[in-house]
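Next come the chains, spelled out residue by residue.
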Amino acid sequence: MKFDNYMILDFPSKSSNEAFARSAVACFAAQLDPTLEELGDIRTAVSEAVTNCIVHAYPDKLGNITLRCRILKDNVLDIVIKDRGVGIADIEQAKRPSFTTGGSDRSGMGFTIMESFMTNLEITSTPGKGTTIHMRRRIQRRQ
Amino acid sequence: MHFTSFLDGKKLTIALTGEIDHHCAKVYIQSIAAKIEAYAPEVCVLDFRDVTFMDSSGIAVVINALRNMAQIEGKLVLSGIAPQPLRVFQASGIDKIVEIKEALV
Ligand SMILES: Nc1ncnc2c1ncn2[C@@H]1O[C@H](COP(=O)(O)OP(=O)(O)OP(=O)(O)O)[C@@H](O)[C@H]1O
Ligand SMILES: [Mg+2]
């Protein structure tokens, strides 16, 4: 795969890293000259995926999260967020709006938001092994 | 976390600030519940004008506030929502079940 630039982050599943991860990706994405709306969508989708690792993948321990961003040709931002946590048994069910295993302080809207804010969303998961979220967002070229 | 709120007759306005994510959502949920319980307003306005970022954790904040207000048969209104939080509300369909006033589009 041809790429123009990339960055990799590796961090523990502490909730204070949610803001760090979405800000780091937004800074990296800035080279594509996104609009404020595009940048907001990317920050939101990254926040959802990273929060899921912290809340669901490693429910009662700290684990490792790896985040990789690449710039692909045609102004595409490619993001992979990976955990080695509990995994998801039924991905179709997990994607359903309002489905949550998280109780009343979760709304079950994370995947719905990632799907509507990104051009592409791919979820792969093995129970007991972990989950990988692969998303892409094409940034419109501006004159 | 510190929230400014004021009571105008039976209307309670709570000003939310900063970035609402999972890291701080619990504090928002608990503080809003405590204020609604203390003042038992007929209308509760969550003022979003100083919210600079929100993800799905903010939806849970609103749904919990909606439940708190339903328990006392009151009404919840959201106001002053900036474009980024507004897109999150729209993607989740929350804008169809809660009244949103003067969104800052
Ligand atoms: N990385 C992950 N590891 C294990 N389970 C996950 C992971 N991501 C999501 N899930 C499962 O998928 C469900 C749906 O995720 P989604 O992000 O849509 O909603 P939520 O996290 O429950 O709530 P919200 O994102 O609105 O706070 C979760 O409740 C959880 O059961
Ligand atoms: Mg989630």
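Up top is the structure.
Let us look at the structure shown here.

What counts, and where the lines are drawn
- Residues take numbers from 1 onward in each chain, read along the sequence in its written order.
- All chains are assigned letters beginning with A, and all ligands numbers beginning with 1, in the order in which they are written.
- Only residues with pLDDT of 70 or above have their local features reported here, since the model is predicted, and side-chain atom pairs are shown and tallied only from 80 upward, although totals for entire chains, interfaces and linings are computed over all residues.
- Side-chain figures throughout are based on the complete set of non-hydrogen atoms in the structure, without hydrogens or water.
- Put simply, DSSP H or I for four residues or longer makes a helix, DSSP E for two residues or longer makes a strand, and each gets a number counted from the N terminus.
- Radius of gyration: C-alpha atoms only; globule rule: 2.2 Å multiplied by the number of residues to the exponent 0.38.
- By the convention used here, residues are in contact when the closest approach between their heavy atoms is within 4.5 Å.
- Throughout, the Shrake-Rupley method with a 1.4 Å probe supplies accessible areas, and for residues the shown protein chains are the sole cover considered.
- Within this scheme the basic residues Lys and Arg register as positive and the acidic residues Asp and Glu register as negative, but His and the chain ends are omitted.
- A charge is said to be at NZ when it belongs to Lys, at CZ for Arg, at CG for Asp and at CD for Glu.
- Fitting a line to C-alpha atoms yields each axis, with helices limited to the stretch in contact; the angle taken between N-to-C directions then spans 0 to 180 degrees.
- Here a crossing is called left-handed whenever its near helix is offset anticlockwise from the far helix by less than a right angle, and right-handed whenever the offset is clockwise.
- Should DSSP find at least two bridges between two strands, the strands are taken to pair.
- Of the two site types, the cavity is a set of points on a 1 Å grid over the protein atoms alone where a 1.4 Å probe fits but cannot get out, and the pocket is an open set with protein on both sides within 12 Å along at least five of seven lines, each lined by residues with an atom within 4 Å of a point.
- Grid points are joined across faces, edges and corners, and a volume is the space filled by probe spheres set on the points.
- Any residue that is not Ala, Val, Leu, Ile, Met, Phe, Trp, Tyr, Cys, Pro, Asp, Glu, Lys or Arg is counted as polar, Gly included; the first ten are nonpolar and the last four charged.
- Patch membership is restricted to residues that have no salt bridge and whose relative accessible area is over 30%. Joining uses 9 Å for like charges and 5 Å for the nonpolar side chains Val, Leu, Ile, Met, Phe, Trp and Tyr.
- Salt bridges are defined by distance alone: a side-chain nitrogen of Lys or Arg within 4 Å of a carboxyl oxygen of Asp or Glu.
- Only protein chains enter the accessibility calculation, which uses a 1.4 Å probe. A residue is then buried if its area is under 20% of the maximum for its type, exposed if over 50%, and partly exposed in between.
- Two parts placed together each lose some accessible area; with a 1.4 Å probe, that loss summed over both constitutes the buried area.
- Throughout this description, a polar contact denotes any pair of N or O atoms lying within 3.5 Å of each other; where both atoms belong to protein, one of them has to be capable of donating a hydrogen while the other can accept it, and for residues adjacent in sequence the pair is counted only when both atoms sit in side chains.

1. Some words on the overall build of chain B
For chain B, the helix and strand inventory stands at three helices and five strands. Along its sequence from the N terminus, chain B presents helices and strands in the succession β-β-α-β-α-β-α-β. In terms of C-alpha radius of gyration, chain B reaches 12 Å, essentially the compact-globule figure of 13 Å for 105 residues. In terms of overall dimensions, chain B has a C-alpha envelope of 30 × 25 × 20 Å along the principal axes. Nonlocal contacts in chain B, meaning residues at least 24 apart in sequence, comprise 68% of its contacts between residues at least 6 apart. Surface exposure of chain B reaches about 5000 Å², of which carbon and sulfur atoms provide 52%. Side chains of chain B carry 10 positive and 12 negative charges; the gap between the two charge centres is 3 Å.

2. A closer look at the packing of helix H2 (residues 36-57) of chain A against helix H4 (residues 110-117) of chain A
Residue and element names in this part refer to chain A. Where H2 contacts H4, the two axes come as close as 9 Å, and the packing angle between them is 150°. As for the relative orientation of H2 and H4, their crossing is left-handed in sense. Contact residues: H2 offers Asp 41, Thr 44, Ala 45, Glu 48, Ala 49 and Asn 52, while H4 offers Gly 110, Phe 111, Ile 113, Met 114 and Phe 117.

3. Thoughts on the sheet that holds strand S5 (residues 99-101) of chain B
Strand pairs in the sheet, formed through backbone hydrogen bonds, run parallel or antiparallel to each other. Across the sheet, five strands lie side by side as S1-S2-S3-S4-S5 (chain B); this open sheet has mixed pairing. Across the chains shown, the open sheet's two edge strands, defined by having one partner strand only, are strand S1 (4-8) and S5 of chain B. For this sheet, the mean inter-axis angle between neighbouring strands, taken without regard to orientation, is 25°. Pairing analysis gives three bridges linking strand S4 (residues 75-79) of chain B to S5(B), with the strands arranged parallel. Paired with Ser79(B) across the two strands is Lys101(B), which belongs to S5(B). Contacts from H2(A) reach strand S2 (11-20) and strand S3 (43-54) of chain B within the one sheet, and its direction differs from that of S3(B) by about 100°.

4. With respect to the layout of surface pockets
In this structure, the largest pocket occupies an estimated 520 Å³ of space. Lining the largest pocket are 28 residues, and of these Asn52(A), His56(A), Ile88(A), Ala94(A) and Phe111(A) lie nearest its centre. Counting only elements with at least two residues in the lining of the largest pocket, the list comes to H2, strand S3 (76-83), helix H3 (91-95), H4 and strand S5 (130-138) of chain A. No other element matches H2(A), which puts seven residues into the lining of the largest pocket. The residue inventory of the lining of the largest pocket, partitioned by class, reads 13 nonpolar, eleven polar and four charged. There is about 230 Å³ of room inside the second largest pocket. Lining of the second largest pocket is provided by Leu36(A), Glu37(A), Leu39(A), Gly40(A), Asp41(A), Arg43(A), Thr52(B), Ala82(B), Pro83(B), Gln84(B), Pro85(B) and Arg87(B).

5. Let's talk about a nonpolar patch on the surface
All names here are of chain A. Taken together, Phe 3, Tyr 6 and Ile 8 make up a surface patch of nonpolar side chains, about 320 Å² in accessible area. With respect to the secondary-structure elements, Ile 8 resides in strand S1 (residues 3-12). Exposure remark for Ile 8: the relative accessible area of 53% places this residue in the exposed category.

6. Structural notes on the interface of chain A and chain B
Counting from both sides, the interface comprises 25 residues of chain A and, opposite them, 22 residues of chain B. Together chain A and chain B conceal approximately 1800 Å² of surface at their shared face, both sides included; 51% is due to carbon and sulfur atoms. Between the two partners, chain A and chain B, sit six salt bridges. Counting the contacts that link chain A with chain B gives 13 residue pairs in polar contact (both at pLDDT 80 or more). If one sorts the elements of the side of chain A that touches chain B by residue count, H2(A) sits on top with ten residues.

7. Thoughts on the pattern of salt bridges
Pairs may arise between side chains of opposite charge once their charged atoms sit close together. All names here are of chain A. In the structure shown here, the tally under the stated rule is 14 salt bridges over all chains. In this structure, the salt-bridge partner of Asp 78 is Arg 68, at a minimum N-O distance of 3.6 Å. Of the two residues, Asp 78 sits in strand S3 while Arg 68 sits in strand S2 (residues 64-72), which places them ten residues apart along the sequence. With a relative accessible area of 27%, Arg 68 lands in the partly exposed category. As a salt-bridge pair, Arg 136 and Asp 78 come within 2.6 Å of each other at their nearest N and O atoms. Remark: Asp 78 occurs in strand S3 and Arg 136 occurs in strand S5; sequence separation between them is 58 residues. For Arg 136, a relative accessible area of 24% translates into the label partly exposed. By relative accessible area, which is 0% here, Asp 78 ends up buried.

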